[in-house]
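A structural walkthrough
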Amino acid sequence: MSDHHKTVVQAVKKHWKDYFKPSSYKVDYRLKSVAQLSFLEENYNLIILDRDCTLHGYHAKHRIPDFEPALQRIKKKSEIVSNSSFEEMLRIRDVFGDLFPVNKLVFFASIASPCLLRFADGKLNVLSYNMETREFTDLTRNLSQKDKLLEKIVYNFRKPNPSAVRAVIDYNKFIGAIPKEKGRFLMVGDRYLTDIVCGNLAGITTALVEPVGHTSEKISLMLGRWLIDVPVGGLMSRLAR
Ligand SMILES: [Mg+2]
């Protein structure tokens, strides 16, 4: 099954009730592109970015020069959370790893807690995440056979599930990068049904960008965007006002 189909199956299974609530679709900002984040970034401690069709075209290999000034400006307070597979996460790291940490929350067969996989400063960190205490244990050094472990990912938390976004916020609090008790967070993405619903379920501010390079998406993704995401998300977000 493709990443996209896995996302749909997981979203419908776990979040079908959330999809009927207009409050899940609240959009706080509608932006032409991430270039406009230059005007917003001052108001936020942490910006969570989607990748495909938000930062560049679908599975693209290069950054967009027009976005570069804004990305350089927000790089110290921004992180990527993607729904892609681990293999695709490596490609995201190759394109954006010098700017932003790249994150994914997963379950391994052999570890009871979920683990945050986080590429930062060129290194992969594996952090076990206690969802109740919101604390992390760094497993990176104990993992002699990291590659073997990575083959054993049994569950990938995908947006709109807010757990990966919460993990990234909690991790930044845990390491003291942002204040423990408060903080202002912004979720940025191009799709209502994944990014915007995720931001609302995580209880943070949301920004919807116009999709970049969406004509390079697979046909099933394009149909999903124009037949479901835009009409349903657009209508529900109007009701959410
Ligand atoms: Mg996207």
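The sections below set out a description of the structure shown in this document. (Residues numbered from 1 in each chain as written. Predicted model: local features only at pLDDT ≥ 70, side-chain atom pairs only at ≥ 80, totals over all residues.)

1. Regarding the environment of D98
When you line up the elements, D98 lands in the loop between α3 (86-96) and β4 (102-108). Judged by local crowding, D98 falls into the exposed class, with 11 C-beta atoms found within 10 Å. Each C-alpha atom of the pair D98 and D121 lies 7.0 Å from the other, and the pair is 23 residues apart in sequence. (Helix = DSSP H or I, 4+ residues; strand = E, 2+ residues; numbered from the N terminus. Buried ≥ 20, exposed ≤ 12 C-beta atoms within 10 Å, placed from the backbone.)

2. Here we look at helix α1 (residues 3-15)
The terminal C-alpha atoms of α1 lie 17 Å apart, and with 13 residues this matches the ideal 18 Å at 1.5 Å per residue to within 8%. Taken together, the buried positions of α1 are T7, A11 and H15. Along the axis of α1, the buried residues cluster in a sector spanning 25°; they form a single face. Seen from the open side of α1, the exposed residues pointing more than 90 degrees away from its buried face are H5, V9, V12 and K13. (Expected span 1.5 Å × (residues − 1). Arc of directions from axis to C-beta.)

3. Examining the pairing of strand β7 (residues 135-138)
As defined by bridge partners, strand β6 (residues 123-130) adjoins β7 across four bridges and the pair is classed as antiparallel. By the bridge assignment for β7, N130 is matched with E135. (Pairing = 2+ DSSP bridges.)

4. Concerning α3
Every buried residue of α3 is listed here: M89, I92 and F96. Angular distribution of buried residues about the axis of α3 spans 55°; they occupy a single face of the element. Of the residues in α3, the exposed ones pointing more than 90 degrees away from the buried face are E87 and D94. Contacts made by the buried residues of α3 are with β3 (78-81) and β4. (Contact = placed C-beta atoms within 7 Å.)

Interpretation note: all reported values are geometric properties and have no functional meaning in isolation.
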